[in-house]
Amino acid sequence: MEAKAYLKYARISPRKVSIVADLIRNKPATVAMGILKNTPKSASEYLVKLLKSAMANAEHNFSMDKEKLYVSEIFVCPGPTLKRVMPRARGSANRILKRTSHVTITLKEKE
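Per-chain numbering applies: the sequence of each chain, read as written, is numbered from 1 onward. Two thresholds apply to this predicted model, a pLDDT of at least 70 for residue-level local features and 80 or more for giving and counting side-chain atom pairs, whereas whole-chain, interface and lining totals are computed over all residues. Only hydrogens and water are set aside; all other atoms, that is, all heavy atoms of the structure, feed into the side-chain values.

Caption draft 1: Expanded view of a positive patch on the surface. Patches in this entry comprise residues that are over 30% relatively accessible and not in a salt bridge; like charges within 9 Å are linked, as are nonpolar side chains (Val, Leu, Ile, Met, Phe, Trp, Tyr) within 5 Å. Using the Shrake-Rupley algorithm and a 1.4 Å probe, accessible areas are obtained, with residue cover drawn only from the displayed protein chains. The salt bridge criterion pairs a side-chain nitrogen of Lys or Arg with a carboxyl oxygen of Asp or Glu, the two atoms within 4 Å. Positive charges come from Lys and Arg alone, negative charges from Asp and Glu alone, with His and the N- and C-terminal ends not counted. Where a charge lies is defined by one atom per residue type: Lys uses NZ, Arg uses CZ, Asp uses CG and Glu uses CD. Together, Arg11, Lys16, Lys41, Arg84 and Lys98 give the surface a local cluster of positive charge. Relative accessible area decides the class of each residue, using a 1.4 Å probe on protein chains only: under 20% of the type maximum gives buried, over 50% gives exposed, and in between gives partly exposed. The partly exposed category is assigned to arginine 11, whose relative accessible area is 41%.

In C-alpha cells, the structure reads:
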C-alpha cells in the first residue's frame, strides 16, 4: 500500500527541485521533514508542503502509521515552459525561459 501526492506547475526549475529531492529519497518521513526544514534551498518550501500532504493522505485515506512512513519514491518532471522576452541592445531581444516542474512523491509503510 502506498500514498501519493502531486505538485504540478510549480514555478521552479526541475533541476533545482531534483537536487533537494535527492536528499530525502528512501528516508523516513519524519527525518525527511527535518532535512527539508533545514535545507536553505527555495525548492525545500515546495517539498515540505508536498510531504505534509502525502503524510496526511497516508494517514487519512489508508490508515497508515505516521511513524512508519518513508519516502519510497520521489521524482521531478519538467512542466510547460513559459517563454518571455527581454529587450536587448539595438532593437533585438533575448528569450527568457521560465521553467515549471511536476513533482510526485510516494510514501510507503515499513514492515
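Caption draft 2: Representation of the packing of helix 1 (residues 14-24) against helix 3 (residues 43-62). Axis lines are fitted to C-alpha atoms, over the contacting stretch for helices. Their N-to-C directions set the angle, which ranges from 0 to 180 degrees. By the criteria applied, helices consist of DSSP H or I runs no shorter than four residues and strands consist of E runs no shorter than two, each listed in order from the N terminus. Their axes nearest at 9 Å, the elements helix 1 and helix 3 cross at an angle of 60°. In terms of orientation, helix 1 and helix 3 fall into the oblique class. Pair helix 1 / helix 3 crosses with right-handed handedness. For the pair formed by helix 1 and helix 3, the contact residues are Lys16, Val17, Val20 and Ala21 on the first element and Ala43, Ser44 and Leu47 on the second. Each residue is assigned to one of three groups, with Ala, Val, Leu, Ile, Met, Phe, Trp, Tyr, Cys and Pro labelled nonpolar, Asp, Glu, Lys and Arg labelled charged, and all others, Gly among them, labelled polar. Along the lines of polarity and charge, the residues of the contact of helix 1 with helix 3 split into five nonpolar, one polar and one charged. Orientation is classified from the angle alone, with under 35 degrees giving roughly parallel, over 145 giving roughly antiparallel, 65 to 115 giving roughly perpendicular, and any other angle giving oblique. Left-handed describes a crossing whose near helix is turned anticlockwise from the far helix by less than a right angle; the clockwise case is right-handed. By the convention used here, residues are in contact when the closest approach between their heavy atoms is within 4.5 Å.

Caption draft 3: Quick peek at the nonpolar core. Residues Leu47, Leu51, Ile74 and Ile105 are the most contacted members of the largest nonpolar core, which totals 27 residues. Within the residue set of this core, elements represented by two or more residues are strand 1 (2-10), helix 1, helix 2 (29-37), helix 3, strand 2 (69-78) and strand 5 (101-109). Per-element accounting of this core gives the leading share, eight residues, to helix 3. By nonpolar core is meant a set of buried Ala, Val, Leu, Ile, Met, Phe, Trp, Tyr and Cys residues that side-chain atoms within 4.5 Å join together.

Caption draft 4: Looking closely at helix 2. Burial in helix 2 covers these residues: Ala29, Ala32, Met33 and Leu36. End-on view of helix 2: buried residues confined to an arc of 100°, all on one side of the axis. By arc we mean the arc of the directions from the helix axis to the C-beta atoms, nothing more.

Caption draft 5: A look at the sheet that holds strand 2. The strand order across the open sheet built from three strands is 1-5-2, with neighbouring strands paired in antiparallel fashion. A strand with exactly one partner marks an edge of an open sheet, and here the two such strands are strand 1 and strand 2. Taken pair by pair, the neighbouring strands of this sheet meet at an average axis angle of 15°, ignoring direction. At least two DSSP bridges between two strands are needed for those strands to be called paired. Relative to strand 5, strand 1 runs antiparallel, the two sharing seven bridges. Each residue of the ladder has a partner; that of alanine 3, found in strand 5, is leucine 107. Sitting on the sheet, helix 1 touches strand 2 and strand 5, and the angle it makes with strand 2 is about 165°. Sheet contacts for helix 3: strand 1, strand 2 and strand 5; angle to strand 1, the most-contacted strand, approximately 145°.

Caption draft 6: Structural context of unusual backbone geometry. In this structure, tyrosine 9 is a non-glycine residue whose phi angle is positive, near 60°. Topologically, tyrosine 9 is positioned in strand 1. One non-glycine residue, serine 63, lies in positive phi territory at about 50°.

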